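Here's the letter readout for the chains.
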Amino acid sequence: MTVMTYRQALHDTLRAELQRDESVILLGEEIGVFEGSYKITAGLLTEFGPARVRDTPIAEEGFVGAAIGAAMLGMRPVVEIMTINFSLLAIDQLVNHAAKMHAMFGGQVSVPLVIRTPGGGGQQLAATHSQNLEVWYAHVPGMKVVAPATPADAKALLTAAIRDDDPVLFLENLALYNTKGEVPDTEQLGRIGSAAVVRPGRDLTVVSYSRGVVIALEVANQLERDGVSIEVVDLRSLRPLDRETVCASVRKSSRAVVLEDDWLSFGVGAEIAATVQEGAFDYLDAPVRRVAAAEIPLPYAKPLERAALPSAADLIRVIGELLDATRFTHAEGGS
Amino acid sequence: MSEHVVAVQPEPDMIQLLTPEGQRVDHPDYPLGLSDEDIAGLYRDLVLVRRIDTEAIALQRQGELGLWASLLGQEAAQIGAGRALRPHDMAFPTYREHGVAWCRGVDPLTLLGLFRGTNLGGWSPSEHNFNLYTIVIGAQTLHATGYAMGVVRDGAVGTGDPDRDTAVLAFFGDGASSQGDVNEAFVWAAAGNLPIVFLCQNNQWAISEPVERQSRVPLYQRSAGFGFPGMRVDGNDVLASYAVTRRALDDARNAQGPTLIEAFTYRMNPHTTNDDPRRYRLGSELETWKLRDPIERVRAYLSREAGYGSDYFAAIEDESKKLAEHVRAGCRALPDPTPQSLFDSVYVTMPAELRAQRDEFVEFVGSLEEASA
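Residues numbered from 1 in each chain as written. Chains lettered and ligands numbered in written order. Predicted model: local features only at pLDDT ≥ 70, side-chain atom pairs only at ≥ 80, totals over all residues. Heavy atoms only, no water.

### Some remarks on the sheet that holds strand β2 (residues 168-173) of chain B
All names here are of chain B.
And step 1. Spatial ordering of the open sheet is given by β1-β2-β3-β7-β6, a layout of 5 strands whose pairing is parallel. Looking at strand neighbours, the two that pair on one side only are β1 (90-92) and β6 (230-234), the edges of this open sheet. Across the sheet, the axes of successive neighbouring strands diverge by a mean angle of 20°, strand direction being ignored.
And step 2. Note that β1 and β2 share 3 bridges and pair parallel. Looking at the pairing, Ala 91 lines up with Leu 169 of β2.
And step 3. On the sheet, helix α7 (residues 180-191) packs against β2, β3 (196-202) and β7 (259-264) and is oriented at approximately 150° with respect to β3. (Pairing = 2+ DSSP bridges. Helix = DSSP H or I, 4+ residues; strand = E, 2+ residues; numbered from the N terminus. Axes fitted to C-alpha atoms, helices over the stretch in contact; angles between N-to-C directions. Contact = heavy atoms within 4.5 Å.)

Structure representation (structure tokens):
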């Protein structure tokens, strides 16, 4: 095990896959000379050369389309889209081509493409540069969407995404790049579509993914001191979605809150709430609650931006309301 | 790095009316038609917008602005183009056209408020005929194209009435020239023979990527394939920028269709205050471009050829200092928006569901304030 940042885990994994498989290539804006806007590709141009680490023109639809073509012919392109916001410029190639080609061409071609892209706000980048659009892609059959929260999962899931034969949107988060965690030194091949109980608990389940997991763990640790035992489920993958791990947790705790960085309506929380009512309805003591971003274009002004994003305080408030509504007592869990 | 790239250099046919040394030169197709007094006015514009820029960077460094996108080095292209506009023409900027904003009468404090986060595009686009800043690169070229379609629909093209005929000026940069939006705007403008001028400030760098990464041909030559004229102007020459833009705007108003102007210039500062260009370009390049400074050549012309003395330059410097004081004090006095304003302006009429979210939020904020009191 080595303690490293999420950024380092991504970098090391890209490097390892470039070394392992000649068909892996990297494409994106400013990933070569500039080493990426968030420095994930630092040093890779120097090590692997411009044929495998390619700076592209400022044309997202163009380089995603070109990557799809390369993938159809056996390459394994890993495309960096500077932020998920810019993926909107490539959405026709992603949704109508990458995600559908295998089906529409009768299974004759596959598109082993990875789109690495960070989402998230909190950096004062204003409304067009701070969005959480992962559900747009998670909605589309043919796409896979993974969203690791820890450096270890970043390594395991990026490895899995690169080796997967279907297109994978690999969601990163600006606020996670500098977070640290233990990462196994050996090769790790994650399983796309498996959630994890990252903190066992008894009284209430918090379901989250990506940056939200970090907040959920903080809150769980804080509430432990107040005698509340929170279980945290990290979805890790939005499509495929590991519904059973979520329902199993709720069957145990009988209370569920979803913490999501996207907007409330039609978001990840809506899908989880539906999943829980289908798979654990009889176990629920109260309706599933959601904590999400305010439904506004994210403000640029610092105090307003902070207020609009879901925070630990928001989560604590909603957990408190849910516990009160279900007449939670500390004796309940036998502690 | 071994990959071969084709360098894009200034061409012999780059249009210039004032050399970097301050020598006036004539061009057969672009008569200037400005008095020395007019040129002195342009000098004043150049100095004052550079001062606004300098102050804004300092304010950002002091934590008073979240971000600033500097125009340093691009003053001439912007002032030349901005002054070539008639009041009823419409301009669509990117996020760096502070010089054009100045020409369109937008208070610098309004601009600073935008970068401070205290207003959201505080000026009225219809009042100034200057659209709000667009952050996503190239997108505004299509909006400008749509506006130009409206101009045609209104019959405000080719009537011969100078107070009626209207042109649209769309700004973008070398990086955006690769975007689909810009290329589709070219297609539409050409197909509709629209009264629009596309002004590409080629400042050589799309954050870290040089123009060679975007194009094998000089950018102005791109228009030929779309079926309208293109030309390269010395974007550090305010006189040429003015004359070329004026001619293209005239053509647009006279129903001659679109023009692409490539203003060949240089971004002397980082892309924004978040950027560090030492990572990707050589300092010597900046030194070369300093010799082509857009302001020095006008000053040289005015003092050597037009008889402007130190009194004039001192008066401009004095005005610049006063403007700087106004900008500094005014910026610090701009109030933060209230938390209650968070949900404003999402819809014209706030839906009930959003109103409920707002009420819940306001109550929550109130409870936090109570708890901390």
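### Digging into a nonpolar patch on the surface
And step 1. A surface patch of nonpolar side chains, amounting to about 290 Å² of accessible area, comprises B:Met149, B:Val187 and B:Trp188.
And step 2. Its location among the elements puts B:Trp188 in helix α7. (Patch = residues over 30% accessible without salt bridge, like charges linked within 9 Å, V, L, I, M, F, W, Y side chains within 5 Å. Areas by Shrake-Rupley, 256 points an atom, 1.4 Å probe, with all protein chains shown as cover. Salt bridge = Lys/Arg side-chain N within 4 Å of Asp/Glu carboxyl O.)

### As for the sheet that holds strand β14 (residues 289-293) of chain A
Residues and elements named next belong to chain A.
And step 1. If you walk across this open sheet you meet the 5 strands as β9-β11-β10-β13-β14, and the pairing is mixed. The open sheet has two edge strands, β9 (196-199) and β14, and neither has a second partner. Ignoring strand direction, the axes of neighbouring strands in this sheet form an average angle of 25°.
And step 2. Of the pairings in the sheet, the one linking strand β13 (residues 256-263) to β14 comprises 4 bridges and is parallel in character. Within β14, the residue paired with Trp 263 across the bridge is Ala 293.

### Some thoughts on the pattern of salt bridges
And step 1. Counting across every chain of the model gives 43 salt bridges over all chains.
And step 2. For the salt bridge of B:Asp275 with B:Arg267, the shortest nitrogen-to-oxygen distance reads 3.6 Å.
And step 3. Between B:Lys322 and B:Asp318 there is a salt bridge whose closest N-O contact spans 2.8 Å. Pair noted here: B:Lys322 and B:Asp318 are both in helix α12 (residues 310-333), with a separation of 4 residues, about one helical turn.
And step 4. Taking relative accessible area as the criterion, B:Lys322 reaches 52% and is therefore assigned exposed.
And step 5. Linked by salt bridges that have partners in common, A:Glu17, A:Arg20, A:Arg163 and A:Glu187 make up one network. (Buried < 20%, exposed > 50% of the residue type's maximum accessible area, 1.4 Å probe, protein only.)

### Examining the interface of chain B and chain A
And step 1. Chain B puts 37 residues into the contact, and the matching count from chain A is 35 residues.
And step 2. Buried area between chain B and chain A, both sides added, is near 2,900 Å², and the carbon and sulfur share of it is 62%.
And step 3. The three residues of chain B that bury the most area against chain A are B:Arg279, B:Leu342 and B:Phe364, which together make up 20% of that side's buried surface.
And step 4. Here chain B and chain A share 2 salt bridges between them.
And step 5. Residue A:Arg317 is joined to B:Glu360 by a salt bridge in which the shortest nitrogen-to-oxygen separation is 3.1 Å.
And step 6. At the junction of chain B and chain A, the tally comes to 11 residue pairs in polar contact (both at pLDDT 80 or more). (Buried area = accessible area lost by both parts, 1.4 Å probe. Polar contact = N/O pair within 3.5 Å; in protein donor to acceptor, adjacent residues only side chain to side chain.)

### What about the domain arrangement of chain A?
All names here are of chain A.
And step 1. Considered domain by domain, chain A is made up of domain 1 (2-183) and domain 2 (196-325).
And step 2. Inter-centroid distance (C-alpha atoms) of domain 1 to domain 2 is 26 Å.
And step 3. Applying the counting criterion to the domain 1 and domain 2 interface returns 1 salt bridge.
And step 4. Across the pair Arg 236 and Asp 153 runs a salt bridge whose closest N-O atoms are separated by 3.3 Å.
And step 5. The interface formed by domain 1 and domain 2 holds 16 residue pairs in polar contact (both at pLDDT 80 or more) in total. (Domains from an automatic or database assignment.)

### Details of helix α1 (residues 6-20) of chain A
And step 1. Over its 15 residues, α1(A) runs 21 Å from end to end, which matches the ideal 21 Å to within 8%, given 1.5 Å per residue.
And step 2. Residues of α1(A) that are buried: A:Tyr6, A:Ala9, A:Leu10, A:His11, A:Thr13, A:Leu14, A:Glu17 and A:Leu18. (Expected span 1.5 Å × (residues − 1).)

### What about the pairing of β7(B)?
Residues in a regular strand project their side chains so that they alternate between the two faces of the sheet.
Residues and elements named next belong to chain B.
And step 1. For β7, the tally of buried residues reaches 6 of 6 residues, placing the bulk of the element in the interior.
And step 2. A two-sided burial pattern is seen for β7, the buried positions comprising Thr 259, Ile 261 and Ala 263 on one face and Leu 260, Glu 262 and Phe 264 on the other.
And step 3. As defined by bridge partners, β3 adjoins β7 across 6 bridges and the pair is classed as parallel. Bridge pairing in β7 places Cys 200 opposite Glu 262.
And step 4. Pairing geometry for β6 and β7, over 5 bridges, is parallel. Note on β7: the bridge partner recorded for Gly 230 is Leu 260.
And step 5. Tracing the backbone out of β6, into helix α9 (residues 238-253) and back to the parallel element β7 gives a crossover that is right-handed. (Right-handed = clockwise from strand over helix to strand, strands pointing away.)

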